[in-house]
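Commentary on secondary and tertiary structure
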Amino acid sequence: MSSTQQSSSSSASSSSTKNQTLFIASLIILWYSANIGVLLLNKFLLSNYGFRFPVFLTMCHMSACAFLSYISIVFMKIVPLQPIKSRPQFLKIATLSVVFCGSVVGGNISLRYLPVSFNQAVGATTPFFTALFAYLMTFKREAWVTYGALVPVVAGVVIASGGEPGFHWFGFIMCISATAARAFKSVLQGILLSSEGEKLNSMNLLLYMSPIAVLVLVPVVLIMEPSVLEVTLSLGRQHRYMWLLVLINSTMAYAANLTNFLVTKHTSALTLQVLGNAKGAVAVVISILLFRNPVTVMGIGGYTITVLGVVAYGEAKRRFK
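Residues numbered from 1 in each chain as written. Predicted model: local features only at pLDDT ≥ 70, side-chain atom pairs only at ≥ 80, totals over all residues. Heavy atoms only, no water.

The terminal C-alpha atoms of helix 13 (residues 297-319) lie 33 Å apart, and with 23 residues this matches the ideal 33 Å at 1.5 Å per residue to within 8%. Taken residue by residue, helix 13 has Gly 299, Gly 302, Tyr 303, Thr 306, Val 307, Gly 309, Val 310, Tyr 313, Gly 314 and Ala 316 as its buried positions. (Helix = DSSP H or I, 4+ residues; strand = E, 2+ residues; numbered from the N terminus. Expected span 1.5 Å × (residues − 1). Buried < 20%, exposed > 50% of the residue type's maximum accessible area, 1.4 Å probe, protein only.)

Following this line, the structure appears as structure tokens:
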């Protein structure tokens, strides 16, 4: 090969690497924007806007996910469509959908009572609940060093709770419940859809879970939030951008799932874990600047300990696998 050809090949390879890096960086930015955006908009609508209907808001999210998942998979073909092959598989997906509903509803309810910063601190304990449910349901044991790393994860939240000026017991219970439900869903998904014939990628799973979630949430909204239509229409007349905010919020909920899938696909599980930890910290900083909720040194210290514990847990799990 001549030097000219080698130079041309090297230049093309360098250009391809740069394009790939730029693409992944753009995906990460979009993932952060969608996740943090939906979180902050949830808080704004539920606490600062008078839209006090977390279950209805979750139903809007699930409706958007159902519609946009269908468009993305069936028409845009972002991922191949994976059909449901049996009644037992459908029942497993329905079970996951109900648990998923519980986690999202609990998280949205907690945002009515807790600052985003504290909500994220509690949410960071997901690895603790995942390890707990994995042990209880599958008897899967990790190395003792790995379990030891979970101690600061829980201790940090205990410290942050003591230093949280806006602490609310009901909001805290709902947040913990949502975090536990999220972890339970991930473990349950691994058990229920573990066979090769039943495995679904996250986008196809969302396609099937979302409509089921909407059907589950409709009667819950009618029972728990009977005045939602009347109040929402009244708020819509008072604030002309409210419907637009709900639409953007619901679209972001789907975008958060889509970008999460794409980032997972184009990076590694370890990279995703590191980026997820950093995302929580970014969300905390932005929420404090935006909503100006009071924070204490004790609260910041507790959250920092939790995040460091999560990082240590991930590293220990990787090393002692």
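More follows now that the structure is in view.
Right, let's talk about the packing of aromatic side chains for a bit. If you walk through the whole model with that rule in mind, you get 13 aromatic pairs. Ring centres 6.2 Å apart and planes at 55° place the aromatic pair Phe 51 and Phe 56 in the tilted group. Phe 56 carries the same exposure label as Phe 51, and that label is buried. Centre to centre, the rings of Phe 128 and Phe 129 are 5.2 Å apart; their planes meet at 75°, and the pair counts as edge-to-face. For Phe 128, a relative accessible area of 28% gives the class partly exposed. An aromatic cluster is defined as three or more aromatic residues linked by ring pairs; in this entry it consists of Phe 118, Phe 167, Trp 169 and Phe 172. (Phe/Tyr/Trp six-rings, centres within 6.5 Å; stacked < 30°, edge-to-face > 60°.)

This part takes up the environment of Leu 193. On the secondary structure map, Leu 193 appears in the loop between helix 8 (169-192) and helix 9 (202-224). Along the sequence, Leu 193 and Gln 89 sit 104 residues apart, while their C-alpha atoms lie 7.7 Å from each other. Those residues in contact with Leu 193 that lie beyond four places of it in its chain are Gln 89, Lys 92, Leu 96, Glu 198, Lys 199 and Leu 205. (Contact = heavy atoms within 4.5 Å.)

Right, let's get into the nonpolar core. Core analysis: the biggest nonpolar cluster contains 63 residues, and Phe 51, Phe 56 and Met 203 have the highest contact counts within it. Those elements that place two or more of their residues in this core are helix 1 (3-48), helix 2 (54-75), helix 3 (87-113), helix 8, helix 9, helix 10 (228-238), helix 11 (242-266) and helix 12 (269-291). Considering every element that reaches this core, the biggest residue donor is helix 9, with 11 residues. Setting aside anything within four residues of it in sequence, one finds Phe 51 in contact with Leu 45, Leu 46, Phe 56, Leu 57, Thr 232, Leu 235 and Met 242. Listed in part, the 11 residues of the second largest apolar core include Ala 121, Phe 172, Cys 175 and Tyr 303. (Core = buried A, V, L, I, M, F, W, Y, C linked by side-chain atoms within 4.5 Å.)

On the surface, Tyr 70, Phe 75, Met 76 and Ile 78 cluster together into a nonpolar patch covering about 440 Å² of accessible area. As for its position among the elements, Phe 75 is in helix 2. (Patch = residues over 30% accessible without salt bridge, like charges linked within 9 Å, V, L, I, M, F, W, Y side chains within 5 Å. Areas by Shrake-Rupley, 256 points an atom, 1.4 Å probe, with all protein chains shown as cover. Salt bridge = Lys/Arg side-chain N within 4 Å of Asp/Glu carboxyl O.)

The phi dihedral of Lys 77 is positive, around 55°, even though this residue is not glycine. By the secondary structure assignment, Lys 77 is in the loop between helix 2 and helix 3. One non-glycine residue, Arg 292, lies in positive phi territory at about 55°. Mapped onto the elements, Arg 292 comes out in the loop between helix 12 and helix 13. Residue classification places Arg 292 among the exposed positions, given a relative accessible area of 68%.

Moving on, we get to the pattern of salt bridges. Counted according to the given criterion, the structure contains two salt bridges. Residues Lys 92 and Glu 198 are paired through a salt bridge, measuring 2.8 Å at the closest nitrogen-oxygen approach. Of this pair, Lys 92 sits in helix 3 while Glu 198 sits in the loop between helix 8 and helix 9, placing them 106 residues apart in sequence.

Examined against the element boundaries, Glu 164 turns out to sit in the loop between helix 7 (150-162) and helix 8. Buried and without a salt bridge, Glu 164 has Lys 43 as its closest oppositely charged side chain, separated by 9.1 Å. In contact with Glu 164, other than residues within four places in its own chain, are Pro 115, Phe 118 and Pro 294. (Lys, Arg positive; Asp, Glu negative; His and termini not counted.)

This brings us to the packing of helix 7 against helix 13. Viewed as axis vectors pointing N to C, helix 7 and helix 13 meet at an angle of 165°, and their least axial separation amounts to 7 Å. Accordingly, the angle class assigned to the pair helix 7 and helix 13 is roughly antiparallel. Considering how the two elements wind past one another, helix 7 and helix 13 form a crossing that is left-handed. Between helix 7 and helix 13, the residues in contact are Leu 150, Pro 152, Val 153, Gly 156, Val 157, Ile 159, Ala 160 and Gly 162 and Met 298, Gly 299, Gly 302, Tyr 303, Ile 305, Thr 306, Gly 309, Val 310 and Tyr 313, respectively. Among the residues forming the contact of helix 7 with helix 13, the class breakdown is 11 nonpolar, six polar and no charged. (Axes fitted to C-alpha atoms, helices over the stretch in contact; angles between N-to-C directions. Parallel < 35°, antiparallel > 145°, perpendicular 65-115°, else oblique. Left-handed = near helix turned anticlockwise from the far one by under 90°. Nonpolar A, V, L, I, M, F, W, Y, C, P; charged D, E, K, R; others polar.)

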